[in-house]
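Overview (structure and organization)
Below, each chain spelled out in residue letters.
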Amino acid sequence: MITLLDYGAGNVRSVRNAIKALGFMVRNVSEPDDIRRAEKLIFPGVGAFGSAIHRLQTDGYLEPLREYLHSGRPFFGICIGLQALFDGSEESPGVAGLGIIPGRIQRFDSSPGALSVPQIGWNGIHIEKPSFLFSGYEREKLYFVHSYRALQTPENQDWILATTDYGSRFVSAVQRGNVAAVQFHPEKSGTAGLAILKNFLTADDLSSPHKVTTPTETKLAKRIIACLDVRANDEGDLVVTKGDQYDVRERGDTDSERSGQVRNLGKPVELAKRYYEEGADEITFLNITGFRDFPMEDQPMLDVLRATSERVFVPLTIGGGIREYTDSNGKYYSSLAVAAEYFRSGADKISIGSDAVYTVEEYNQNGRASGKSAIEQIAKVYGNQAVVISIDPRRVYVHSPSEVPHYTIKTTTPGPDGEEYCWYQCTVRGGREGRPVDARHLAMVCEELGAGELLVNCIDRDGTGRGFDLELIKLIHDGVSIPIIASSGAGNVGHFSEVFAKTDVEAALAAGIFHRKEVPIASVKAHLGSERIEIR
Ligand code: 1PR
């Protein structure tokens, strides 16, 4: 029986699912005495450092947790569950940590020219001392997602179990006796992560040594993401669909094409499982009709997430409809409440589309942030790394930059009337409506508001197989320091190596070629490997 310290924030469902998938029973902590009675405790801290400690304090868990950590019984912390063991964090000045390990958690360097922050993705570990936790570990990459990290110092040397390189070297695992914690997410790190979790679950004595050799330096891999656009078809069933330039209805000469039905490319949960098994580094679900109002209780995407997170142990992102709204029954939902429901159902990150555009328009009007936008509120509670902005831009050609008040570029593919310049107009409601905001400006403001990652789609390229719009991706990449996922237009393996070589983005996403089985994920990875691009 494993005791899980879940204080109701963030995606702890995935940890619970991973423990269950490994054949163990889970008991949730619901009162301080549950911690005192625990025989094996897992603390998958989620969200920001300050809000995590605050929740522990208000629920009366801080002292029992300290007692437990000194008791010699097995403890396993994950992510904030590692950071909370330290004295404090730059993320939340003035908030004291558990004070078990000497040192303060610090932010990654995000000065110009440094690597993107947060670190999001699959990186290696360098094991510093033998431990049962890593028995059987074979140098696989593991999934990290964080902006802050612990540093090795002479004072905490006896705790350091593993380190990882990202800009500089940081602490990716700690252990002393039966108390262990990791910065990566074993529950999101595929079979390699599950094996580490299993070692903790089965160990009688964590400190029994087990030697593994690992590389002296580690490197973050480029991610390949499979995207599932989901919506109800005309029969009301939730299906994975895929558009050409965002038009998801059939066009052509056959009966089904003439009827203009929503393209049906499969069932969301089954496809997600297939991509997990084929090696996708992450899976994104976009509820493409999320701009319509729906009662939260009837939201079938929540069931899709719950079912997927029982079988898929890589990160899941969900987008579509993340905003505040009042449904047709008059019930009000704050954006935070909507996001919370998705996190509880198994999402690791939420993605905001239309609402981000409206937020930036409001920012432009007022000349400042309101503090009330979905981006700001969700980032504050769940951390920047949990907030992705999905941008749906379309090219608008102009003869001269002076024609528009937007950021224009000189393009290598001129417009229909020979226009040599273009800007990228943000759209809302699945590309149905253009707004007076350019994609680069949107990206920069959203970063300032607290977004942790950008999903850069391109309506002109979507479903065309003509390759990513490198001009768009470069333009946005140059304006921000958060990670970027290039999206729209992948048609062959060469498009992936091209986008990584020419733009230095962190991830590339595709849909159509994976759904139609034209290019398997394994072929993309094999090609990238042959081009010496770091992959998982
Ligand atoms: O506005 O917050 O409710 O979010 C709606 C979300 O749904 C947005 O993220 C938006 O991108 C997405 N969306 C809305 N309508 C469509 C549509 O296709 N009609 N899908 C849509 C966007 C874009 C991609 C796609 C890539 C790769 N899909 O993510 O998967 O272009 O495709 P490809 O590899 O086949 O070229 P909100």
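Shown above is the structure to which this text applies.
In short, a report on the structure. Because the structure is predicted, anything quoted here is derived from the model rather than measured.

**Comments concerning the nonpolar core**
Side chains that are nonpolar tend, in soluble globular proteins, to be buried together. Membership of the largest hydrophobic core comes to 166 residues, with the highest contact counts inside it found for Ile42, Phe134, Ile283, Ile389 and Phe496. With residues up to four places along the chain from it excluded, the contact list for Ile283 reads Ala226, Leu228, Ala272, Tyr275, Tyr276, Val312, Val314, Pro315, Leu316 and Thr317. In terms of nonpolar packing, the next biggest core, distinct from the first, is built from nine residues, Ile225, Cys227, Ile485 and Ala511 among them.

**What to know about the packing of aromatic side chains**
Overall, the coordinates contain 13 aromatic pairs when judged by the stated rule. Judged by centre distance (5.8 Å) and plane angle (80°), the ring pair of Phe468 and Phe496 falls under edge-to-face. Taken together, the positions of Phe468 in the loop between strand E26 (453–456) and helix H14 (470–477) and Phe496 in helix H15 (residues 493–503) put the pair 28 residues apart, joining distant regions of the chain. Assessed through its relative accessible area of 0%, Phe496 is described here as buried. Against the face of Tyr407 rests Arg440, its NZ or CZ located 4.1 Å from the ring centre. Above the ring of Trp122, the side-chain terminus of Arg536 is found at 3.8 Å from the ring centroid.

**Topic: the pattern of salt bridges**
A complete count under the given rule lists 33 salt bridges for this structure. Its salt-bridge partner being Asp34, residue Arg37 comes within 2.9 Å of it at the nearest N-O pair. Of this pair, Arg37 and Asp34 both sit in helix H2 (residues 32–37), three residues apart, roughly one helical turn. Note that Asp158 is salt-bridged to Arg176, the shortest N-O span being 2.7 Å. Linking Asp158 in the loop between strand E10 (148–149) and strand E11 (160–166) with Arg176 in strand E12 (residues 168–176), this pair joins segments that are 18 residues apart in sequence. Its relative accessible area of 39% is what places Asp158 among the partly exposed residues.

**Regarding the environment of Ala490**
If you trace the backbone, Ala490 turns up in the loop between strand E27 (484–487) and H15. For Ala490, a relative accessible area of 11% gives the class buried. Along the sequence, Ala490 and Gly512 sit 22 residues apart, while their C-alpha atoms lie 8.2 Å from each other.

**Comments concerning unusual backbone geometry**
Residues other than glycine predominantly adopt negative phi, and peptide bonds predominantly adopt the trans conformation. The linkage connecting Val117 with the following residue, Pro118, adopts the cis geometry, with an omega of 5°. Tracing the backbone shows Pro118 in the loop between strand E6 (101–107) and strand E7 (119–123). In the Ramachandran plot, Asp504 falls in the positive-phi region, its phi being about 65° despite a non-glycine side chain. Residue position: Asp504 is located in the loop between H15 and strand E28 (507–510). On the accessibility criterion, Asp504 (45% relative accessible area) is partly exposed.

**Focus: the environment of Ser373**
Position of Ser373 among the secondary structure elements: in the loop between helix H11 (354–366) and helix H12 (374–382). Among the residues examined, Ser373 registers a relative accessible area of 7% and is labelled buried. Note: C-alpha distance between Ser373 and Asp355 (18 residues apart in sequence) is 8.5 Å. Those residues in contact with Ser373, other than ones at most four positions away along the chain, are Thr359 and Leu449.

**Structural notes on the sheet that holds E10**
Pairing is mixed across the open sheet formed by three strands, whose spatial order is E5-E6-E10. Since the sheet does not close on itself, it has two edges, and those belong to strand E5 (86–89) and E10, each with one partner. The pairing of E5 with E6 spans three bridges and is parallel. Bridging across to E6, Phe86 finds its partner in Ile101.

Conventions we followed
- Residues numbered from 1 in each chain as written.
- Predicted model: local features only at pLDDT ≥ 70, side-chain atom pairs only at ≥ 80, totals over all residues.
- Heavy atoms only, no water.
- Core = buried A, V, L, I, M, F, W, Y, C linked by side-chain atoms within 4.5 Å.
- Buried < 20%, exposed > 50% of the residue type's maximum accessible area, 1.4 Å probe, protein only.
- Contact = heavy atoms within 4.5 Å.
- Phe/Tyr/Trp six-rings, centres within 6.5 Å; stacked < 30°, edge-to-face > 60°.
- Helix = DSSP H or I, 4+ residues; strand = E, 2+ residues; numbered from the N terminus.
- Lys NZ or Arg CZ within 6 Å of the ring centre and 35° of its normal.
- Salt bridge = Lys/Arg side-chain N within 4 Å of Asp/Glu carboxyl O.
- Pairing = 2+ DSSP bridges.

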